Amino acid sequence: MPQNHIMTKDKQITTKDTPNYGFDITHKLPNSLARAGVLHTPHGDIQTPVFIVGGTKATVKTLTNDQVRSINGQAILANTYHLMLRPGADIVEQGGGLAKFMNWNGPTFTDSGGFQVFSLGVAYKKGINAVANSEQGDAGKAKASSDQLAKIDEFGVNFRSHIDGSALRMTPESSMRLQWQIGADVHMAFDECPSPLAEESYIRESLARTHEWARLSKIEHDKIWQEHQQAGKPYQALWGVVQGARIEELRRESARFISDLDVDGFGIGGIFEPAEIPTAVNWAVQELPEDKPKHLLGMGNQISDLFLGVEYGIDTFDCIAFTRQGRNGSCYTATGRINIKNTQFKTDFTPLDPECACYTCQNHTKAYINHLFKADELLALTLNSLHNEFFVVNLVDRIRQSVIDGTFYDFKASYLERYFKKPFNP
RNA sequence: GCAGGGAUAGUGAAGCGGUCAAACACGGCUGACUGUAAAUCAGCUCCCAUCGGGUUCGGGGGUUCAAAUCCCUCUCCCUGCA
């Protein structure tokens, strides 16, 4: 398999010498927002579009760093809230920062903890999907409930630790401090991810808060950067997060507001369905400066998300579904997902996906993995995580190549038709 | 041989006259996972069916309006004493 990413060890550490933290667009797909490029970080370059591997707690669950490299993983996204709780941002700092602490030594990102406002708030005990898809009922209305672990106010969020229940508070300022301590190459501004079914009045209120938090995040970020600069430490980038739900006026307004903050890149948050990409994502990207990188927060589960995201100008993705579903027995293949725990695979001695070049498919059969799951053997989790993560990283790599070759639309149509077993319409 | 205890759905195990097709756990089947609260969660799991119906609690026979639950008997298992 091609080794597209650039190893980082010999790379000169760069400082912030360009406003966009060194993002070069190398190819554009005619008559579209899709592009391919290179994102430069102090820990190495990232070829975009790229799928960033989920490493929430400074580990890609069940995989070693060598395994992540073997599937061509270029960068890892960790989470500020989780690392604040364990082991503590100070410990990660003492360990030399995220990349060194986990001995990844490649590019890293951190999410701000803003998503936990949602997942531990209105979505707590309901599940993100339940909130996103339910049309009625408590989950749909996404009301505050008494047992949720995150409660929001004008200036920040009060969390109760999901580990021991202890009280914690996060603000834009504290999130920035923590992220500089953790030391990833790219930080996200502290935002609120509103429920997809929140009322419009709430979305407006939430967006105003997210904008104020973004402004405060930027001020605090610059302040800490000055401290670091004086200490001779390298720059860490700040990407602002665009919200605004499904309301065009708000998405555009949000994109303009965040652009004006002169951040290094952008996250687009609060997107839950493929159908929101040609609309909400598109509106946002149209208002954002072309020359800066854009990240679609948390999307990819549906596969079509990845094609649509690239088509509408997204450079980087992350989604934890691939490792989680791997651990839970759901495997991606070129012709759709299968549940490897199902009885039908008990005597199926072929690979998960006969076309797949990953270690799992090169070495093991469905029957074997089915057995490992039934027997509660831990190797099942690793083999499936490796396969699913290869699947998605490799797919985005192929999408990138199709942008470079100009074959994107043909590739998209044929791939999705085969995957969904019918022509794809978002 | 005598005395006592026990046999409950795939497995273990509650239940000890009606609210029992029978708790619970495991096993089995299926589904769901989206900036990770997650090696997790949800549903189904005697038979046929949409409501609903039909057979169950070691076998057989009783008592009762009503029995997994009470009585008799048989079979098998366990514990003492011989």
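Given the structure is predicted, the values throughout are model-derived calculations rather than measurements. (Residues numbered from 1 in each chain as written. Chains lettered and ligands numbered in written order. Predicted model: local features only at pLDDT ≥ 70, side-chain atom pairs only at ≥ 80, totals over all residues.)

> For this particular structure, what's the right way to read the protein's contact with RNA strand B?
As a structural note, the neighbourhood of RNA strand B is formed by 51 residues, with Asp111, Cys193, Gly298, Ile320 and Ser330 the closest of them. Contributing elements (two or more residues each) for the surface near RNA strand B: strand 5 (76-79), helix 5 (114-119), helix 6 (128-133) and helix 13 (321-327). (Near = placed C-beta within 6 Å. Helix = DSSP H or I, 4+ residues; strand = E, 2+ residues; numbered from the N terminus.)

> Explanation requested: the confidence of the model for chain A in the structure shown.
This prediction gives chain A a mean pLDDT of 92; 92% of its residues lie at or above 70. Taken as a whole, residues 1-20 scores under 50 in pLDDT and shows 29 contacts with residues more than four places along the chain or in a different chain. What the predictor reports for the complex is a pTM of 0.92 with an ipTM of 0.90. (pLDDT = per-residue confidence, 0-100. Contact = placed C-beta atoms within 7 Å.)

> I'm lost on the pairing of strand 8 (residues 156-160) in this one. Help?
Within a regular beta strand, the side chains point alternately toward one face of the sheet and then the other, so they alternate between its two faces. Burial along strand 8 is one-sided: Val157 and Phe159 are buried, while Gly156, Asn158 and Arg160, pointing the other way, are not. Taken together, the 4 bridges between strand 7 (residues 150-153) and strand 8 define a ladder with antiparallel strand orientation. Paired with Ala150 across the strands is Phe159, a residue of strand 8. Note: strand 8 against strand 9 (residues 167-170), 4 bridges, orientation antiparallel. For Asn158, the partnering residue across the bridge sits in strand 9 and is Arg169. Hairpin connection, strand 8 to strand 9: the antiparallel pair is bridged by 6 residues, and Gly165 has positive phi, about 80°. (Buried ≥ 20, exposed ≤ 12 C-beta atoms within 10 Å, placed from the backbone. Pairing = 2+ DSSP bridges.)

> Looking at this structure, I do not really get unusual backbone geometry. What am I missing?
Most of the time, phi is negative for any residue but glycine, and the peptide bond is trans. Backbone torsion omega between Thr48 and Pro49 reads 0°, so that peptide bond is classified as cis. Counting through the fold element by element, Pro49 comes out in the loop between strand 3 (44-48) and strand 4 (50-54). For Ala58, which is not a glycine, the phi torsion comes out positive at approximately 60°. With respect to the helices and strands, the residue Ala58 is situated in the loop between strand 4 and helix 1 (65-70). Here the phi dihedral of Asn72 falls at roughly 70°; this positive angle occurs in a residue that is not glycine. Mapped onto the fold, Asn72 is located in the loop between helix 1 and strand 5.

> Help me understand the sheet that holds strand 7, please; the structure alone is not making it clear to me.
On the basis of which strands lie adjacent, the open sheet formed by 3 strands has the order 7-8-9 and antiparallel pairing. Where the open sheet ends on each side, the last strands, each with one partner, are strand 7 and strand 9. The mean inter-strand angle of the sheet, taken between neighbouring strand axes irrespective of direction, is 20°. (Axes fitted to C-alpha atoms, helices over the stretch in contact; angles between N-to-C directions.)

> What should I look at first to understand the nonpolar core in this one?
One recurring pattern in soluble globular proteins is that nonpolar side chains are buried together. In terms of nonpolar packing, the biggest core is built from 109 residues, with Ile52, Leu98, Val281, Ala284 and Phe317 touching the most fellow members. A total of 11 residues in this core trace back to one element, the largest contributor, which is helix 16 (residues 379-405). Taken together, domain 1 (23-319) and domain 2 (328-426) each give at least three residues to this core, which thus spans both. Setting aside its immediate chain neighbours within four residues, Val281 contacts Ile268, Ile271, Glu276, Leu296, Gly309, Tyr312 and Ile314. (Core = buried A, V, L, I, M, F, W, Y, C linked by C-beta atoms within 7 Å. Domains from an automatic or database assignment.)

> How do you make sense of helix 12 (residues 304-311) when you look at a structure like this?
An α-helical segment advances 3.6 residues per turn. Residues three or four places apart therefore align on the same side. Summarising burial for helix 12: 8 of the 8 residues are buried, a large majority. Following helix 12 by one or two positions, Gly313 has its phi on the positive side, about 95°.

> What's the story with the environment of Gln67 in this structure? I'm lost.
Inspection of the secondary structure puts Gln67 in helix 1. Owing to 18 C-beta atoms within 10 Å, Gln67 belongs among the partly exposed residues under this scheme. For the pair Gln67 and Tyr359, spaced 292 residues apart in sequence, the C-alpha separation works out to 9.2 Å.

> What am I meant to see in the domain arrangement of chain A here?
Many structure descriptions define interface size as the accessible area lost when the parts assemble. Along its sequence, chain A is organised into domain 1 (23-319) and domain 2 (328-426). Computed from C-alpha atoms alone, the centre-to-centre distance between domain 1 and domain 2 is 26 Å. Every contact between the two is made by 30 residues of domain 1 and, on the other side, 25 residues of domain 2. With 5 residues, helix 12 is the single largest residue contributor to the side of domain 1 that touches domain 2. Among the residues forming the side of domain 1 that touches domain 2, the class breakdown is 18 nonpolar, 10 polar and 2 charged. (Nonpolar A, V, L, I, M, F, W, Y, C, P; charged D, E, K, R; others polar.)

> Sorry if this is basic, but what is going on with the sheet that holds strand 1 (residues 23-28) here?
Within a beta sheet, neighbouring strands are joined by backbone hydrogen bonds and run either parallel or antiparallel to one another. Reading across from one edge, 1-2-3 is the order of the 3 strands in this open sheet, with antiparallel pairing throughout. Of all strands in the sheet, those bounded by a partner on one side alone are strand 1 and strand 3. Taking the axes of each pair of neighbouring strands and ignoring which way they run, one obtains an average angle of 15° across the sheet. Sheet contacts for helix 16: strand 1, strand 2 (35-41) and strand 3; angle to strand 2, the most-contacted strand, approximately 120°.

> Just checking my understanding: could you explain the pairing of strand 4 for this structure?
Strand 4 sits mainly inside the fold: 5 of its 5 residues count as buried. As paired elements, strand 4 and strand 5 share 2 bridges and run parallel to each other. Its bridge partner lying in strand 5, Val53 is registered against Ile76. After leaving strand 4, the chain enters helix 1 and then returns to the sheet as strand 5, a path that is right-handed. (Right-handed = clockwise from strand over helix to strand, strands pointing away.)

> In this structure, what is going on with helix 10 (residues 248-260)? I would like to understand it.
In this model, helix 10 (13 residues) spans 18 Å end to end at C-alpha, consistent with the 18 Å of a helix rising 1.5 Å per residue. Here helix 10 has its buried residues at Leu250, Arg251, Ser254, Ala255, Phe257 and Ile258. Down the axis of helix 10, the buried set is contained in an arc of 165°. They therefore lie on one face. Check the buried side of helix 10 and you find it contacts helix 9 (200-230), strand 11 (237-242), strand 12 (265-268) and helix 11 (277-287). (Expected span 1.5 Å × (residues − 1). Arc of directions from axis to C-beta.)

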